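Now for the letters of each chain:
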Amino acid sequence: MSAFDLIVIGGGLVGGAIAWGAAARGAAVVVLDEGDVAFRAARGNFGLVWVQSKGAGMPPYAHWSRRSAELWPALAARMREASGADVALEQPGGLHFCFSEAELEARADLIRRMHNESGDIGTRIVDRAELRAMVPGIGDRVAGASFCPIDGHANPLFLLRALHSALLRAGGAYRPGHGVDLITPDGGAFIVRSGAESFTAPKLVIAAGLGSRRLAPMVGLEMPVSPLRGQILVTERVKPLLHYATHILRQTAEGSVMAGDSQEDVGFDAATTVPVTRAIAARAVMTFPALAEARIVRMWGALRVMTPDGFPIYEQSARYPGAFAATCHSGVTLAAAHALDLAPSILDGALPAKFDAFKSSRFDVPARG
Amino acid sequence: MSDRLDAVVIGAGPAGLACAALLAAHGATVRLADEQAEPGGQIYRGIGRIAAEHPGMLDVLGEDYARGQAIVAAFKASGAEYRPSTLVWHVTPEREIWVSCNGRSEVWNARALVVATGAMERPVPVPGWTLPGVMTVGAVQIMLKSAALAPHARFVLAGSGPLVWLVAKQCLAAGAKPEAVLDTSTGADQLSALRHLPMALRGAGARLLFKGLAMIGAVQRSGVPVFRGVSGIRIEGAAEAESVAFRAGGSDRRIPARIVALHEGVIPAQQMTRLIGCAHVWDEGQRCFRPDVDEWGSSSVDGVLVAGDGAGIFGARAAEHAGRLAALEALRRIGRLSAKERDALARDDRRALASQRAIRRFLDRLYPPPASIRAPADEIVVCRCEEVTAGAVRDAVRQGCMGPNQAKAFLRVGMGPCQGRLCGPVVSEVIAAARGITPAEAGYYRIRPPLKPIGLGELAAVELGE
Amino acid sequence: MFRRVDEAGAVLRLEFEGEAVLAREGDSVAAALLAAGARAFRDTAISASPRGPYCMMGVCFECLVEIDGIANRQACMVPAADGMKIRRQRGAREAA
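Treat the numbers as computed from the prediction; the structure is a model and nothing was measured.

Before going further, it helps to examine the domain arrangement of chain B. Residue and element names in this part refer to chain B. The assigned domain composition of chain B is domain 1 (2–120 + 267–337), domain 2 (123–264) and domain 3 (375–442). Computed over C-alpha atoms, the centres of domain 1 and domain 3 are 30 Å apart. If you look at the interface, domain 1 gives six residues, while domain 3 gives nine residues. Around 660 Å² of area is buried between domain 1 and domain 3 when both sides are counted, 64% of it from carbon and sulfur atoms. For domain 1, the biggest contributors to the area lost against domain 3 are Gln271, Trp282 and Phe289; these three give 64% of the whole. Across the pair glutamate 429 and arginine 287 runs a salt bridge whose closest N-O atoms are separated by 3.0 Å. One can count two residue pairs in polar contact (both at pLDDT 80 or more) joining domain 1 with domain 3. Broken down by class, the residue content of the side of domain 1 that touches domain 3 amounts to four nonpolar, one polar and one charged.

Here the focus is helix α9 (residues 335–348) of chain A. All names here are of chain A. Taking 1.5 Å as the rise per residue, α9 with 14 residues should run 20 Å; its terminal C-alpha atoms sit 19 Å apart, in good agreement. Where α9 is concerned, the buried positions are Ala335, Ala336, Ala337, His338, Ala339, Asp341, Leu342, Ala343, Pro344, Ser345 and Ile346. Of the residues trailing α9, glycine 349 is marked for its positive phi of about 95°.

On to the nonpolar core, then. Formed by 188 residues in total, the largest nonpolar core has its most connected members in Leu23 and Leu182 of chain B. The leading source of residues in this core is helix α12 (residues 316–333) of chain B, at 10 residues. When residues no more than four places from it in sequence are discounted, the contact partners of leucine 182 of chain B are Val156, Leu157, Ala158, Gly159, Phe227, Val230, Val244, Phe246 and Ile255 of chain B. By size, the runner-up hydrophobic cluster in this structure holds 39 residues, among which are Leu131, Val142, Tyr244 and Val276 of chain A.

Moving on: the packing of aromatic side chains. Counted under the stated rule, the structure contains 17 aromatic pairs over all chains. Judged by centre distance (5.6 Å) and plane angle (85°), the rings of phenylalanine 147 of chain A and tyrosine 244 of chain A are edge-to-face. Of this pair, phenylalanine 147 of chain A sits in strand β7 (residues 144–148) while tyrosine 244 of chain A sits in the loop between β14 (226–237) and β15 (245–246); the two residues are 97 residues apart in sequence, bridging distant segments of the chain. Considered together, phenylalanine 147 of chain A and tyrosine 244 of chain A belong to a single accessibility category, that of buried residues. Summarising the aromatic geometry, the rings of phenylalanine 227 of chain B and phenylalanine 246 of chain B are spaced 5.0 Å apart at their centres and angled 65° between planes, so their arrangement reads as edge-to-face. Of this pair, phenylalanine 227 of chain B sits in strand β12 (residues 226–227) while phenylalanine 246 of chain B sits in strand β14 (residues 243–248), and the two are 19 residues apart along the sequence. Phenylalanine 246 of chain B gets classed as buried once you look at its relative accessible area, which sits at 3%. Among the aromatic residues, those joined into a ring-pair cluster are Tyr61, Trp64, Phe311, Tyr314, Phe355 and Phe358 of chain A. Its guanidinium or amino end placed over the ring of phenylalanine 289 of chain B, arginine 274 of chain B lies 4.9 Å from that ring's centre, counting from NZ or CZ. Its guanidinium or amino end placed over the ring of phenylalanine 314 of chain B, arginine 357 of chain B lies 4.0 Å from that ring's centre, counting from NZ or CZ.

Once that is clear, we can look at the environment of alanine 21 of chain B. Residue and element names in this part refer to chain B. Counting through the fold element by element, alanine 21 comes out in helix α1 (residues 14–25). Residue class for alanine 21 comes out buried when judged on its relative accessible area of 14%. C-alpha separation for the pair alanine 21 and serine 78, spaced 57 residues apart in sequence, amounts to 5.2 Å.

Further remarks concern the confidence of the model for chain C. The share of residues in chain C with pLDDT of 70 or more is 94%, and the mean pLDDT across the chain is 91. With a pTM of 0.92, the predicted complex shows an ipTM of 0.95.

Let's shift gears to the interface of chain C and chain B. With 37 residues of chain C in contact, the opposing surface of chain B contributes 48 residues. Summing both partners gives a buried area of about 3800 Å² for chain C against chain B, and 60% of it is carried by carbon and sulfur. Contact with chain B buries area across many residues of chain C, yet Arg3, Arg39 and Tyr54 of chain C alone supply 23% of it, more than any other trio. Counting every contact that joins chain C to chain B gives two salt bridges. Secondary structure elements with two or more residues in the side of chain C that touches chain B: β1 (2–4), α1 (29–35) and β5 (50–51) of chain C. Inspection of the sheet shows strand β9 (residues 149–151) of chain B paired to β1 of chain C by three bridges, in the antiparallel sense. Each bridged residue has a counterpart across the sheet, and for alanine 150 of chain B the counterpart in β1 of chain C is arginine 3 of chain C.

Moving on, we get to the environment of glycine 187 of chain A. Residues and elements named next belong to chain A. Tracing the sequence through the fold places glycine 187 in the loop between β10 (182–186) and β11 (189–194). With relative accessibility at 75%, the residue glycine 187 sits in the exposed group. Counting along the chain gives 133 residues from glycine 187 to tyrosine 320, while the straight-line C-alpha distance between them is 9.2 Å.

So, about the packing of α1 of chain B against helix α5 (residues 68–78) of chain B. Residue and element names in this part refer to chain B. For the pair α1 and α5, the least separation of the axes is 9 Å and the interaxial angle reads 30°. For α1 against α5, the interelement crossing comes out left-handed. Where α1 abuts α5, its residues Pro14, Leu17, Ala20, Ala21 and Ala24 lie against Ile71, Val72, Ala74, Phe75 and Ser78. Counted by class, the contact of α1 with α5 contains nine nonpolar, one polar and no charged residues.

What follows is about the pattern of salt bridges. Side chains that differ in sign of charge can pair as their charged atoms come close. For the coordinates displayed, the defined rule picks out 55 salt bridges over all chains. In this structure, glutamate 254 of chain A engages arginine 412 of chain B in a salt bridge whose closest nitrogen and oxygen atoms are separated by 3.8 Å. Of this pair, glutamate 254 of chain A sits in the loop between β16 (249–251) and β17 (256–259) while arginine 412 of chain B is found in the loop between α17 (404–411) and α18 (424–435), placing the two residues in two different chains. Arginine 412 of chain B gets classed as buried once you look at its relative accessible area, which sits at 14%. The residue aspartate 349 of chain B makes a salt bridge to arginine 324 of chain B at a minimum N-O spacing of 2.9 Å. Taken together, the residues aspartate 349 of chain B in helix α13 (residues 339–357) and arginine 324 of chain B in helix α12 connect sequence positions 25 residues apart. Taking the relative accessible area as the measure of exposure, aspartate 349 of chain B reaches 9% and is therefore buried. A relative accessible area of 23% means that arginine 324 of chain B is categorised as partly exposed.

This next bit is on the sheet that holds β17 of chain A. Note on sheets: strands pair through backbone hydrogen bonds, and any given pair is parallel or antiparallel. Ordered in space as β16(A)-β17(A)-β14(A)-β18(A)-β23(B), the five strands form an open sheet in which the pairing is antiparallel. Looking at strand neighbours, the two that pair on one side only are β16 of chain A together with β23 (454–455) of chain B, the edges of this open sheet. Contacting β14, β16, β17 and β18 (295–306) of chain A, helix α8 (residues 274–287) of chain A runs over the sheet at an angle of about 50° to β14 of chain A.

Residues and elements named next belong to chain B. Strand order in the open sheet formed by five strands is β8-β16-β10-β11-β12, and the pairing between neighbours is parallel. With partners counted over all chains shown, the strands left at the sheet margins are β8 (134–136) and β12, one partner each. Sheet topology note: the strand β10 (residues 155–160)/strand β16 (residues 259–264) ladder contains six bridges and is parallel. Bridging across to β16, alanine 158 finds its partner in leucine 262. On the sheet, helix α6 (residues 137–147) packs against β8, β10 and β16 and is oriented at approximately 80° with respect to β8.

Attention shifts here to the pairing of strand β20 (residues 323–327) of chain A. All names here are of chain A. Burial of β20 is extensive: five of the five residues sit out of reach of the surface. In β20, alternate side chains face the same way, and those of Ala323, Ala325 and Thr327 on one face and Phe324 and Ala326 on the other are all buried. Across three bridges, the pairing between strand β13 (residues 203–206) and β20 is parallel. Across the sheet, isoleucine 206 pairs through a bridge with alanine 325, a residue of β20. The antiparallel pairing of strand β19 (residues 313–316) with β20 creates a hairpin that spans six residues between the two strands.

Here is what the cut-offs are and how they apply
Residues numbered from 1 in each chain as written. Chains lettered and ligands numbered in written order. Predicted model: local features only at pLDDT ≥ 70, side-chain atom pairs only at ≥ 80, totals over all residues. Heavy atoms only, no water. Domains from an automatic or database assignment. Contact = heavy atoms within 4.5 Å. Buried area = accessible area lost by both parts, 1.4 Å probe. Salt bridge = Lys/Arg side-chain N within 4 Å of Asp/Glu carboxyl O. Polar contact = N/O pair within 3.5 Å; in protein donor to acceptor, adjacent residues only side chain to side chain. Nonpolar A, V, L, I, M, F, W, Y, C, P; charged D, E, K, R; others polar. Helix = DSSP H or I, 4+ residues; strand = E, 2+ residues; numbered from the N terminus. Expected span 1.5 Å × (residues − 1). Buried < 20%, exposed > 50% of the residue type's maximum accessible area, 1.4 Å probe, protein only. Core = buried A, V, L, I, M, F, W, Y, C linked by side-chain atoms within 4.5 Å. Phe/Tyr/Trp six-rings, centres within 6.5 Å; stacked < 30°, edge-to-face > 60°. Lys NZ or Arg CZ within 6 Å of the ring centre and 35° of its normal. pLDDT = per-residue confidence, 0-100. Pairing = 2+ DSSP bridges. Axes fitted to C-alpha atoms, helices over the stretch in contact; angles between N-to-C directions. Left-handed = near helix turned anticlockwise from the far one by under 90°.

As structure tokens, then:
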């Protein structure tokens, strides 16, 4: 049996960030990951480091997202140092396009509400004229947008690779092909069985995305996560036309344009469908008419990991205090906070009060009379 | 607008043409889609134009090629609907077929789908293989067939397999003499093939063997230098191919050449069958992945059949018979034939198919792809589109990458314009070798739509009908 | 690099990188360019390495050129037509 300070179950963006954050602080960490064809939300991630609309009605989440955006440059620098990789972070600001005056007004209301709830981070409405000046080539059907100066984007696949590589350099271990069968609390520690192998540590994080639901109860936690499909299109490389991050389109550092932001509740089906991809294409062309000539080279579907209210779960098991739950659907945005804020708290052995709002007990709605 | 057809056939090579013709002969509504403007696939590429405008080329290309005329004529007379210049860019397991023609996309529905998209040349990743002037032996042949163009610079043919000798002979007949033929097959290969010689002499095999030997003899007698047991091929040049270096007979040699044609066999083109979700197996004899099909060509996906070299490499003649067998099973499936009728009608094609296949094991053993191109050295680019080396893939495996899909995420292999067509086979083998597992265990890229790039505007304009 | 085996086929006039190129009816754009002596059709987007056709059958995507203003077209899959203007593909394409 192999002994560690911390076992992280799940080698995606959440598990990867926490594992590296812990290893970088000197902990002996092992990441247990599945194989080549697991449902990997990390591979479907659009890549936004997005703050402007996060946490309406849930200020702790708004603050957590904002904190992560602040920490992101440090994460990018540490990734470059630790793995040599450039994760292509850019924080030029982000636009959320609105396609009618009504939509723009509703957006303005949302921004106002969030300022009141969580503070002003500079998000403002830009009208058609100002948008045209910011983004030449924007389509006539775009009525305006909300703009937040701290939004941005990164390359999610480079980030994932950098986290893994940095983990190994920091002395961490990575075990792919090691889906977890059973977790057994054992005194102050945990025994994790994967096939014929066992691993033990006094601390454990379940960051297994859609696989977390099954594992959480083994350590007195609840992680009611469900799949929400998003489909994404990516085009051939085109010359630079969009340098801001946006909620439906972004241009990668290589020059390809990604289009997305669909949501479908279809269970564990990561296929793409023509009706949805058609709608994504139509909206992309409406936003940037020049894109009509760009060719799609790839489409894929990925399953987001969604909690009932869409906000993360961070929780320490009351019954087994060494076990922690960590899940969210914004693995790129929150990577910095996970690595540089959550991981240290986990190593310290207790989640501070700011994480209370993220407990799964919030889903236990009292039955109506 | 969506159409409900009895059958759709994809690919206008011998398998597709024979399949569609037979379906039409039995009264099924059948539509054949092909990306090219004229029928023939690759093996009979250009047959119509060659016969009509360059009849002298029929002698150059040989009688096996000329046979394409009859196959195309039979198809055209059959009443099957023909949709050339039509790109199939998505197919669902429910047999919704998304096509693009002239910048417009539409969807077809078929009760039976026959995928006859054929084969491709196995990639040959040797040092310098990305230089302009380096192409496949098949590409040189396509120049002859599609445009009556012959090499007109120093050129070398290198690799192993019947196609090398056939194209050498065809070039000579066209007045283009290669500087050399570099045969990478070895004495050990020949010994290992001998065991399969008795089988190879059965059916059509004896005739094919004799023809092959005659072809090789003709090339040798023409005075073209032939080197055997060649290894260590490297193509040299600053911005384009200038020479090819190699090792043969214990010495290192170099031949100036501006065209270097490579060939290490053909393998099934998997893109469409993978997209649809058909199960594939690793064929150890042919050292390639192919769809798992039964004796009719039925795949693991209901109503989807595969015919011709796309189901396993057996050549053009075998493809015709396989195409007809698939048609018969499709007819049974849509209720136009009973199983008994199907079996009776299949007898001749089944016998002929076995006869055409008899030589295969022998050829596979005689001309195996060298290990050096299945799992190339570290510095060699394996993903041409994204310029990723074999070494980078091995590094990723050392960092815990378990298979080609993780490799895609780590390295962008398979994410370029060719969508993994050219690197897929090599990346799977490199990962398998690095992990000490079989290619079947390592797996293959998950293939996503669109099969070829499709305009954002074209997709946006698609009519969903219903 | 390649020469015509016979003189059959209607002559087409194309332009490659501003220079006149003669082709024949039935040629793919790739065949026409190779026959005219062109070797590299494009530079890769990553290292700007020169590339030319490899497979001639639509699999390798190395023969990408810009035809009549539209980039990323597989030259081996497009029939040559009279008056076509073809340019080398250099790196990424311009969104028109």
